[in-house]
Amino acid sequence: MYNEIFNAKRVEIYGGQLDVTLRPTSNDMMSVSVSYAHARNKDFVTPDGSNFNGLQPPYAADWTIVGNLSHDFSLRNGYIRAAADARYESRWWADYLHNRGTEQKPSVIVNGSITYYSEGGRWDLGIWAKNLTNEAKIAAAAANGFPGPASGFLIEPRTFGGRLGLHF
């Protein structure tokens, strides 16, 4: 048994992106990125006649919004940076067939960190947390045949850790 390999003859993609970074004080930074990408199959008929016109290609969310915040707390010997970021993606599918189990519903992933930076930047020590909302989200998927079903892999659940950086 084998899977045929073929591509869409035509996919239409248009959109735009706006990136804004603000530094209201020397200790604060905020940024936001908003992107819209309208991607749709325009001429995608398989050799057996299956028609996928109008469907989104894999991993092609219409909307993606990313925000970052950080604040530096000045200390006598270095500083502490508190940072957070969030990423919103509208609905997308992890395969071109839109198989059941490959649709990612709209999602938000939030991460954060607190890091101490030594005076002179010789070393830093921090803690971080990923996926604070503990949302299940598709990282990748693969169809197990045509037309499916599919198997998927999820991003990490809520995860915590630490880091030590030495700078020579």
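Just so we're clear, the structure is a prediction, and the values are computed from it rather than from any experiment.

(A) Spotlight on the pattern of salt bridges. Per the stated rule, a full pass over the model turns up eight salt bridges. Residues Asp72 and Arg81 are paired through a salt bridge, measuring 2.7 Å at the closest nitrogen-oxygen approach. Classification of Asp72 by relative accessible area gives buried; the value is 9%. Its salt-bridge partner being Glu103, residue Arg91 comes within 3.7 Å of it at the nearest N-O pair. One end of the pair, Arg91, is in the loop between β4 (78-89) and β5 (92-93); the other, Glu103, is in strand β6 (residues 103-104), and 12 residues separate them in sequence. The class of Arg91 is partly exposed, set by a relative accessible area of 41%. Judged by relative accessible area, which is 27%, Glu103 ranks as partly exposed.

(B) Just the sheet that holds strand β2 (residues 28-43), in detail. Pairing is antiparallel across the open sheet formed by seven strands, whose spatial order is β1-β2-β3-β4-β7-β8-β11. Each having just a single partner strand, β1 (10-25) and β11 (159-166) make up the two edges of the open sheet. With direction set aside, neighbouring strand axes in the sheet form an average angle of 10 degrees. Across six bridges, strand β7 (residues 107-118) lies against strand β8 (residues 123-130) in antiparallel orientation. Considered in β8, the bridge of Tyr117 is made with Asp124.

Rules used in this analysis
Residues numbered from 1 in each chain as written. Predicted model: local features only at pLDDT ≥ 70, side-chain atom pairs only at ≥ 80, totals over all residues. Heavy atoms only, no water. Salt bridge = Lys/Arg side-chain N within 4 Å of Asp/Glu carboxyl O. Buried < 20%, exposed > 50% of the residue type's maximum accessible area, 1.4 Å probe, protein only. Helix = DSSP H or I, 4+ residues; strand = E, 2+ residues; numbered from the N terminus. Pairing = 2+ DSSP bridges. Axes fitted to C-alpha atoms, helices over the stretch in contact; angles between N-to-C directions.

Functional significance is not addressed by these values, which are geometric in nature.
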